[in-house]
Amino acid sequence: MISAGTFHVIATELTVGTFALSGVAFLLCALNKGPSSREAVAHWALLGGLIATPFAIISGVNAISGEGIDNPMLANKLLLSMTSAGLAIGLLLRKMWGSSVDLRHSSVGMISVALMLTTAGIGGEYSRGETLLLFIPKDTVMLFPMWASITILALGLAIFAKSAVQHRS
């Protein structure tokens, strides 16, 4: 039987690797350089990372000692990885609905990748005490007040509904 910690390492490396590949491909899309397959690589790698993300999150939660997420770094990891996953889902839906890959689309893709790589950096700080994220506060949980969360959720649903209606027309 494989332990949750070992499975978490495998799932995390798969997630980070595919997101990193996607980030490089989105950078090439933004620069309009490289092979014509850069858009396909960006989106397929993003999908692969998105599929691996829940395995990394669930195995990570199972691998931690204690009763749950009682460390601010772990809460930030969960928040950042879920934000990254949400952006990735939005990008994949836009591409599936026929949207062109322009600078804005590529920039959102790179932001999604940056959030996932920041999540990985915080994980290194939590597990090994070392990270390249020197100037990012990791001990403060970045949560919104309830009214802001509800406003953002409503805005996201409105944008999604508008996109769905435009896609049907």
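What you see is a predicted model; the values in this text were computed from it and never measured.

Before going further, it helps to examine a nonpolar patch on the surface. On the surface, a cluster of nonpolar side chains totalling about 480 Å² of accessible area is made up of Ile 2, Phe 7, Ile 10, Ile 51 and Phe 55. Elements that contribute at least two residues to the nonpolar patch include exactly α1 (4-31) and α2 (38-63). Along the chain, Phe 55 falls in helix α2.

On to the side chain of His 8. Residue placement: His 8 occurs in helix α1. Relative accessible area serves as the criterion here: at 19%, His 8 is assigned to the buried category. Setting aside residues up to four positions removed in sequence, His 8 forms contacts with Ala 56, Ser 59, Gly 60 and Lys 77.

Take the nonpolar core next. Within the largest apolar cluster, twelve residues are counted, these being Phe 19, Ala 25, Phe 26, Ala 42, Leu 46, Leu 50, Ala 85, Ala 88, Leu 91, Leu 92, Val 113 and Met 116. Where this core is concerned, the elements lending two or more residues are α1, α2, α3 (72-96) and α4 (103-128). When residues in this core are grouped by element, the largest group, four residues, is from α3. Not counting the four nearest positions on each side in its chain, Met 116 is found in contact with Thr 15, Phe 19, Thr 53, Ser 81 and Ser 84. One finds Met 73, Leu 80, Leu 115 and Leu 133 within the second-largest nonpolar core, a separate group that totals five residues.

Tracing the sequence through the fold places Ser 22 in helix α1. With a relative accessible area of 0%, Ser 22 lands in the buried category.

Spanning 28 residues, α1 covers 40 Å between terminal C-alpha atoms, matching the ideal 40 Å at 1.5 Å per step. Of the positions making up α1, those classed as buried are His 8, Ala 11, Thr 15, Val 16, Thr 18, Phe 19, Ser 22, Gly 23, Ala 25, Phe 26 and Cys 29. Trailing α1 by a residue or two, Asn 32 shows a phi angle of about 55 degrees, which is positive.

Here we come to the layout of surface pockets. The volume enclosed by the largest pocket comes to roughly 800 Å³. Lining the largest pocket are 34 residues, with His 8, Thr 12, Lys 77, Ala 120 and Gly 123 positioned closest to its centre. Elements with a minimum of two residues in the lining of the largest pocket: α1, α2, α3 and α4. In terms of residue count, the dominant contributor to the lining of the largest pocket is α4 (eleven residues). Taken as a whole, the second largest pocket spans an internal volume of roughly 480 Å³. What lines the second largest pocket is a set of 14 residues, among which Gly 90, Leu 155, Gly 156, Ile 159 and Phe 160 lie closest to the centre. Of all elements in the fold, only α3 and α5 (146-168) reach the threshold of two or more residues within the lining of the second largest pocket.

About the cut-offs
Residues numbered from 1 in each chain as written. Predicted model: local features only at pLDDT ≥ 70, side-chain atom pairs only at ≥ 80, totals over all residues. Heavy atoms only, no water. Patch = residues over 30% accessible without salt bridge, like charges linked within 9 Å, V, L, I, M, F, W, Y side chains within 5 Å. Areas by Shrake-Rupley, 256 points an atom, 1.4 Å probe, with all protein chains shown as cover. Salt bridge = Lys/Arg side-chain N within 4 Å of Asp/Glu carboxyl O. Helix = DSSP H or I, 4+ residues; strand = E, 2+ residues; numbered from the N terminus. Buried < 20%, exposed > 50% of the residue type's maximum accessible area, 1.4 Å probe, protein only. Contact = heavy atoms within 4.5 Å. Core = buried A, V, L, I, M, F, W, Y, C linked by side-chain atoms within 4.5 Å. Expected span 1.5 Å × (residues − 1). 1 Å grid on protein atoms, 1.4 Å probe; cavity = no way out; pocket = protein on both sides within 12 Å on 5 of 7 lines; lining within 4 Å. Points joined across faces, edges and corners; volume = space filled by probe spheres on them.

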